[in-house]
Amino acid sequence: MRNYATQMDAAKRGIVTPEIETVAKKENRPVEFIMERVAKGTIAIPANINHKSLSAEAVGDGTRVKINVNLGISGDCKDYEMELRKVRMAVDMGAESIMDLSNYGKTNTFRKQLIDMSPAMIGTVPMYDAIGYLEKDLLEITAQDFLKVVEAHAREGVDFMTIHAGINRRAVEAFMREGRRMNIVSRGGSLLFAWMKMTGNENPFFEYYDEVLDILRRYDVTISLGDALRPGCIDDASDAGQISELIELGNLAQRAWAKDVQVMIEGPGHMAMNEIAANMQMEKRLCHGAPFYVLGPLVTDIAPGYDHITSAIGGAIAAQAGANFLCYVTPAEHLRLPDENDVREGIVASKIAAHAADIALGLPGARDRDNAMADARHKLDWDAQFALALDPEKAERFYNQVPPTERHTCSMCGKMCAVRTTNMILEGKEVKFCSEKGAC
Ligand SMILES: C[C@H]1O[C@@H](n2cnc3c(N)ncnc32)[C@H](O)[C@@H]1O
Ligand SMILES: Cc1ncc(COP(=O)(O)O)c(N)n1
Ligand code: MET
Ligand code: SF4
Ligand SMILES: [Zn+2]
């Protein structure tokens, strides 16, 4: 029987949990390194006591940058099989986390299956599911109803939940006073804003925050404090609404830690490159070192169809400056639901951003795979290069599409393969290059 409530409770009391051991191995860090940071809250290990198939991961400073894949059944696309294929792809491609954002039909059937099969951590946004789960209109839902949805997801084994508790009356006032170009683009945030304005009540997750925390503590669910006022265009970034909410999230993080509930903070959004580093520092300062989970940031607004690129650029800068967890963005963002190919491209783009940051941060072992790739390139060992690639299938397909006439090279330089030429000279061999008319 476990003699602690949450990973944080254990860490504060000096208990090394099996999950702390697992992540210490994965991060090449001593268990004490992880335990001390889980105790302080700068590392979270989202691991619901009911998620039996989980392979635990750490999110926070001093650990590899993790990525999350969003998927889920929705009214406009109810293809369960396709969503399950996306799950398998996410797991195979090494995503550490999957958020089930289903908001249609029997969401709990899909969610239970997902939790059963997934070694990746699972996140949800209970607010999305409230209308479907309770079978009520938004306006009829009571504060206690919202808590019931949180409890249901927690019992099923969800490891972290996005809860937009920071958009309270004060943050709404700051946002309304200043005005902004894109107003609210957070789905959960907009639903809460609507509920608050139509009922006249305070944000229920803020008003009953202690009760929310009590539920989360029982199952060791990590709270991912949602950013309802994240900027939805670069012109809204770093404004009063966003920063007021961030200040609230900092207070809420400390209240969660006081109850041993692990915390992550969600962040922007759309943001120009030059503002990203300062925003990461603000989060670490105002939220007391809590892990930062960012959606992008998308560094320009004009590339629909390519927003996996706008967000990977921002994600790389953000992660180098302190973000710990990147939510992938697919080429379908702002246009439609992602299909399987969009999911693949989104995963690869955010993996690149996360890995580039790991290298820049000098994390232990971060360069090993790059060095192995360089060695395989040096040897012109194509099978090894494919195996080491983030997307091996694409690498091999491209290579074979235009095969080289000279074996061992690729068709880019063909006979003039720089690597082969240099290898041969260094091996003491002669090289011959003939013109097309030449006789060799
Ligand atoms: C908060 C983020 O969640 C994404 N999002 C919302 N619902 C889904 C879904 N069913 N599948 C994939 N992504 C989704 C949006 O694209 C947004 O970027
Ligand atoms: C990093 C991050 N931020 C936010 C959300 C929730 O989305 P929304 O706020 O639109 O409900 C998310 N899934 N990931
Ligand atoms: C909730 S769907 C819209 C999300 C939007 N692309 C954003 O930047 O947050
Ligand atoms: S992505 Fe589409 S549905 Fe979602 S907020 Fe933007 S316009 Fe609306
Ligand atoms: Zn957007």
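Where an unreviewed UniProt entry is consulted, the chain appears under the name Phosphomethylpyrimidine synthase, with the organism given as Butyricicoccus faecihominis.

Enquirer: Mind showing me how you'd approach the coordination of the zinc ion (ligand 5) here?
Expert: Ideal donor angles around a metal are set by the shape: a four-donor tetrahedron calls for 109.5 degrees, a six-donor octahedron for 90 or 180 degrees. Taken together, His270 (NE2) and His334 (NE2) make up the protein donors of the zinc ion (ligand 5), found 2.1 Å from the metal. With four donor atoms in place around the zinc ion (ligand 5) and angles of 72 to 159 degrees between them, the coordination shape is irregular. Here the residue His270 occupies a position in the loop between β8 (263-267) and α13 (273-286), and His334 occupies one in the loop between β10 (325-327) and α15 (340-361), the gap between them amounting to 64 residues.

Enquirer: Is there a simple way to think about empty space enclosed by the protein in this case?
Expert: One water molecule sets the probe size; rolling that probe over the atoms shows where empty space is left. Within the structure shown, the criterion is met by three cavities of 30 Å³ or more. Quantified by volume, the largest cavity comes out at close to 70 Å³. Residue lining of the largest cavity: Asp227, Arg230, Gln242, Glu245, Leu246, Leu249, Glu266, Gly267, Pro268 and Phe292, and that is the complete set. Counting only elements with at least two residues in the lining of the largest cavity, the list comes to α12 (240-258) and β8. For the lining of the largest cavity, the element with the highest residue contribution is α12, accounting for four residues. For the lining of the largest cavity, the residue count by class is four nonpolar, two polar and four charged. Considered as a void within the structure, the second largest cavity measures approximately 50 Å³ in volume. Gly296, Ser311, Ala312, Gly315, Leu326, Cys327, Tyr328, Val329, Ser350 and Ala353 are the residues that line the second largest cavity. At the level of elements, α14 (307-320), β10 and α15 are the ones that each hand at least two residues to the lining of the second largest cavity. Among the elements that line the lining of the second largest cavity, the one with the most residues is α14, at three residues.

Enquirer: How should I be thinking about the sheet that holds strand β4 (residues 97-100) in this particular structure?
Expert: In sheet architecture, strand pairing relies on hydrogen bonds along the backbone and comes in two forms, parallel and antiparallel. In spatial order, the strands read β3-β4-β5-β6-β7-β8-β9-β10; together these eight strands close into a barrel with parallel pairing. Ignoring strand direction, the axes of neighbouring strands in this sheet form an average angle of 25 degrees. In the sheet, strand β5 (residues 121-124) pairs with strand β6 (residues 160-163) via two bridges, with the strands oriented parallel. The residue bridging Thr124 from the neighbouring strand is Met161, located in β6.

Enquirer: Honestly, the UniProt feature "binding site: Zn(2+)" (unreviewed entry) in the chain in this entry has me stumped. Any pointers?
Expert: Under the UniProt annotation, the feature "binding site: Zn(2+)" (unreviewed entry) is placed at His270 and His334. Spatially, the listed residues are clustered: although they cover 65 residues, their C-alpha atoms lie within 12.1 Å of one another. Excluding its chain neighbours within four sequence positions, the residues that come into contact with His270 are Pro231, Gly232, Cys233, Ile234, Ala237, Leu298, Asp301 and His334. In this structure, His334 is in contact with His270, Leu298 and Asp307, ignoring residues within four places of it in sequence.

Reading the values: the criteria
Residues numbered from 1 in each chain as written. Chains lettered and ligands numbered in written order. Predicted model: local features only at pLDDT ≥ 70, side-chain atom pairs only at ≥ 80, totals over all residues. Heavy atoms only, no water. Donors = N, O, S within 2.8 Å, 3.2 Å for Na, K, Ca; no water. Tetrahedral: all angles 85-135°; square planar, octahedral: opposite > 155°, others 65-115°. Helix = DSSP H or I, 4+ residues; strand = E, 2+ residues; numbered from the N terminus. 1 Å grid on protein atoms, 1.4 Å probe; cavity = no way out; pocket = protein on both sides within 12 Å on 5 of 7 lines; lining within 4 Å. Points joined across faces, edges and corners; volume = space filled by probe spheres on them. Nonpolar A, V, L, I, M, F, W, Y, C, P; charged D, E, K, R; others polar. Pairing = 2+ DSSP bridges. Axes fitted to C-alpha atoms, helices over the stretch in contact; angles between N-to-C directions. UniProt positions renumbered as here; feature names shortened; annotations may be inferred. Contact = heavy atoms within 4.5 Å.

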